[in-house]
Amino acid sequence: MSDEEHQFESKADAGASKTYPQQAGTIRKGGYIVIKGRACKVVEVSTSKTGKHGHAKCHFVAIDIFNGKKLEDIVPSSHNCDVPHVTRTDYQLIDIAEDGFVSLLTDNGNTKDDLKLPTDETLLGQIKDGFADGKDLVVSVMSAMGEEQINALKDISK
């Protein structure tokens, strides 16, 4: 036994995976799927018949939830696909910095300062205009696979 203390690096991650497996045949329109390493929302699913070699195939058309690009993938329906853990959190907007970063208030009273303004022009305009008018704004932040982005806005000032 030694008297020296051990130092452990904290990763602030419980080791949980960013995705989970799900059988391709059970993924439906409106669900999420990982295509080419990107988290996507499924907009269209078509299943082909079982072929000569015995696998029905699922054709997925999906939109990347962060950049809006359309991606497609064809997977045998009996195989597993990666499905991202997608979470949506609401934060109150405190401040907008000149460099494009926002300051948000979390539920426990801390601030979150590592998010940039969204690239979507209409949402960006709504956030800037509402903040300039002094409204109390709540932004919805979608996070999946280590990425986060503001994707919606609510005005709570009455």
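The preceding data block contains the structure.
These numbers come from a predicted model, not from an experiment.

Peer 1: Mind showing me how you'd approach helix α1 (residues 121-132) here?
Peer 2: Residues separated by three or four positions in an α-helix point in the same direction, a consequence of the helix having 3.6 residues per turn. Its twelve residues place the ends of α1 16 Å apart at the C-alpha level, agreeing with the 16 Å of an ideal helix rising 1.5 Å per residue. Looking at the packing, one finds that the buried side of α1 touches β7 (87-96), β10 (137-144) and β11 (147-155). Immediately beyond the C-terminal end of α1, within one or two residues, lies Gly134, with a positive phi of roughly 80°.

Peer 1: Which parts of the structure should I look at to understand the sheet that holds strand β5 (residues 70-76)?
Peer 2: Within a beta sheet, neighbouring strands are joined by backbone hydrogen bonds and run either parallel or antiparallel to one another. The four strands lie next to each other as β2-β3-β4-β5, forming an open sheet whose pairing is antiparallel. Looking along the sheet, the strands with just one partner apiece sit at the ends: β2 (32-35) and β5. Across the sheet, the axes of successive neighbouring strands diverge by a mean angle of 45°, strand direction being ignored. Across seven bridges, strand β3 (residues 38-47) lies against strand β4 (residues 57-64) in antiparallel orientation. When the bridges of β4 are listed, Val45 appears paired with Phe60.

Peer 1: Just to check I follow, could you spell out the environment of Ile156 for this structure?
Peer 2: For Ile156, the position within the fold is in the segment after β11. The class for Ile156 is partly exposed, based on a relative accessible area of 44%. Along the primary structure Ile156 and Lys135 are separated by 21 residues, whereas in three dimensions their C-alpha atoms are 7.7 Å apart. If sequence neighbours within four positions are ignored, Ile156 has contacts with Gln92, Asp136 and Val138.

Peer 1: Can you walk me through the nonpolar core in this structure?
Peer 2: General note: in soluble globular proteins, nonpolar side chains tend to be found buried as a group. In this structure, Leu93, Val102, Leu104, Ile127, Val139, Val141 and Ile150 are the most contacted members of the largest nonpolar core, which totals 14 residues. Ignoring sequence-local partners within four residues, the contact set of Val102 consists of Leu93, Asp95, Ile96, Lys112, Asp113, Leu115, Leu117 and Ile150. Among the nonpolar cores identified, the runner-up in size contains 13 residues, and Ile33, Ile35, Phe60 and Leu71 belong to it.

Parameters and conventions
- Residues numbered from 1 in each chain as written.
- Predicted model: local features only at pLDDT ≥ 70, side-chain atom pairs only at ≥ 80, totals over all residues.
- Heavy atoms only, no water.
- Helix = DSSP H or I, 4+ residues; strand = E, 2+ residues; numbered from the N terminus.
- Expected span 1.5 Å × (residues − 1).
- Contact = heavy atoms within 4.5 Å.
- Pairing = 2+ DSSP bridges.
- Axes fitted to C-alpha atoms, helices over the stretch in contact; angles between N-to-C directions.
- Buried < 20%, exposed > 50% of the residue type's maximum accessible area, 1.4 Å probe, protein only.
- Core = buried A, V, L, I, M, F, W, Y, C linked by side-chain atoms within 4.5 Å.

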